[in-house]
Amino acid sequence: RGRRWMRPVLVLTAAAALYAGRAPVSVRAVAGQAPTGSPVTTAAQAEQGRSTFRAQCAACHGRDLSGSEAPPLAGSGFFSAWKGQSTQYLFKYVQEMPPGGPYLTPEQYLGVVAFILQQNGATAGTQPLTAATDVPIGSIATGERPPQ
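Residues numbered from 1 in each chain as written. Predicted model: local features only at pLDDT ≥ 70, side-chain atom pairs only at ≥ 80, totals over all residues. Heavy atoms only, no water.

(A) Region of the structure containing the nonpolar core. Among the nonpolar cores identified, the biggest contains 27 residues, and Phe53, Leu65, Leu90, Val113, Ile116, Leu117 and Ile137 are the most heavily contacted of them. For this core, the secondary structure elements donating two or more residues are helix H4 (76-82), helix H5 (87-94) and helix H6 (106-118). Broken down by element, this core gets its largest block of residues, seven residues, from H6. Ignoring anything within four residues of it in the chain, the contact list for leucine 117 reads Val40, Thr41, Thr87, Leu90, Ala122, Ile137, Ile140 and Ala141. (Core = buried A, V, L, I, M, F, W, Y, C linked by side-chain atoms within 4.5 Å. Buried < 20%, exposed > 50% of the residue type's maximum accessible area, 1.4 Å probe, protein only. Helix = DSSP H or I, 4+ residues; strand = E, 2+ residues; numbered from the N terminus. Contact = heavy atoms within 4.5 Å.)

(B) Unusual backbone geometry, seen in detail. The linkage connecting methionine 97 with the following residue, proline 98, adopts the cis geometry, with an omega of -10°. The residue proline 98 is located in the loop between H5 and H6 in this model. For the peptide bond that leads from glycine 101 to proline 102, omega is 0°, which places it in the cis range. Tracing the backbone through its elements, the reader meets proline 102 in the loop between H5 and H6. The phi torsion at leucine 65 lies on the positive side, around 70°, for a residue other than glycine. If you trace the backbone, leucine 65 turns up in the loop between helix H3 (58-61) and H4.

(C) Here's a closer look at H5. Listing the buried residues of H5 in full gives Thr87, Leu90, Phe91 and Val94. Buried residues of H5, viewed axially, fall in a sector of 100°; they line one side. Buried positions along H5 lie against H4 and H6. (Arc of directions from axis to C-beta.)

(D) Just the confidence of the model for the chain, in detail. Confidence in the prediction for the chain averages 83 pLDDT; 76% of positions are at 70 or higher. A low-confidence stretch, residues 1-31 stays under pLDDT 50, and its non-local contacts, those more than four residues away or across chains, total 23 contacts. (pLDDT = per-residue confidence, 0-100.)

(E) Layout of the side chain of threonine 87. Inspection of the secondary structure puts threonine 87 in helix H5. Beyond its immediate chain neighbours, meaning those up to four positions away, threonine 87 contacts Leu117, Leu129, Thr133, Asp134, Val135, Ile137 and Ile140.

(F) Structural context of the packing of helix H2 (residues 43-56) against H6. Running from N to C, H2 and H6 point in directions that differ by 105°, and their axes come no closer than 7 Å. Accordingly, the angle class assigned to the pair H2 and H6 is roughly perpendicular. From H2, Gln45, Ala46, Gln48, Gly49, Arg50, Thr52 and Phe53 reach across to H6, where they touch Glu107, Gln108, Leu110, Gly111, Val112, Ala114, Phe115 and Gln118. Looking at the contact of H2 with H6, its residues break down into six nonpolar, seven polar and two charged. (Axes fitted to C-alpha atoms, helices over the stretch in contact; angles between N-to-C directions. Parallel < 35°, antiparallel > 145°, perpendicular 65-115°, else oblique. Nonpolar A, V, L, I, M, F, W, Y, C, P; charged D, E, K, R; others polar.)

(G) A look at H2. Taking 1.5 Å per residue as the helical rise, H2 with its 14 residues ought to reach 20 Å, and the 20 Å between its terminal C-alpha atoms agrees with that figure. Among the residues of H2, those classed as buried are Gln45, Ala46, Gly49, Arg50, Thr52 and Phe53. In the core, the buried residues of H2 are packed alongside H3 and H6. (Expected span 1.5 Å × (residues − 1).)

(H) Region of the structure containing the packing of H5 against H6. At their nearest, the axes of H5 and H6 sit 10 Å apart, and the two run at 125° to each other. Classified by the angle between their axes, H5 and H6 sit oblique to one another. Relative to H6, H5 is oriented so that their crossing is right-handed. Of the residues in H6, those touching H5 at Thr87, Leu90, Phe91 and Val94 are Pro106, Tyr109, Leu110, Val113, Ile116 and Leu117. The residue makeup of the contact of H5 with H6, split by class, is nine nonpolar, one polar and no charged. (Left-handed = near helix turned anticlockwise from the far one by under 90°.)

Below, the structure written as structure tokens:
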């Protein structure tokens, strides 16, 4: 009864996030929470993704992922919007980029997602990210940029 006011706030927050072209934020994700999940990418996959990103995505998202013509893909703004979403959802979302094509291969998109995750504080492991990987981004990343 006392929480009725929250429902409109959550609807407005989700609508604003969708309007801004970003994924809705999960209300369960806690800012600054340390990752608890196992690594889901490899360093080699993230490095391949860095190359693909710079060649195919940097013109709109900025070489440092800070955004220019398109939203930032690293740091607090990105992490706030995406920490409650899954890696699988992010992979599916980036497969629509760039708008109107030309599109990349699934392996290239996986590399780009691995790079985005790495640039948001996710650590590398021994298993590469796959299309079936489905873990909350906030469980594997911190939102903190690694030293450049």
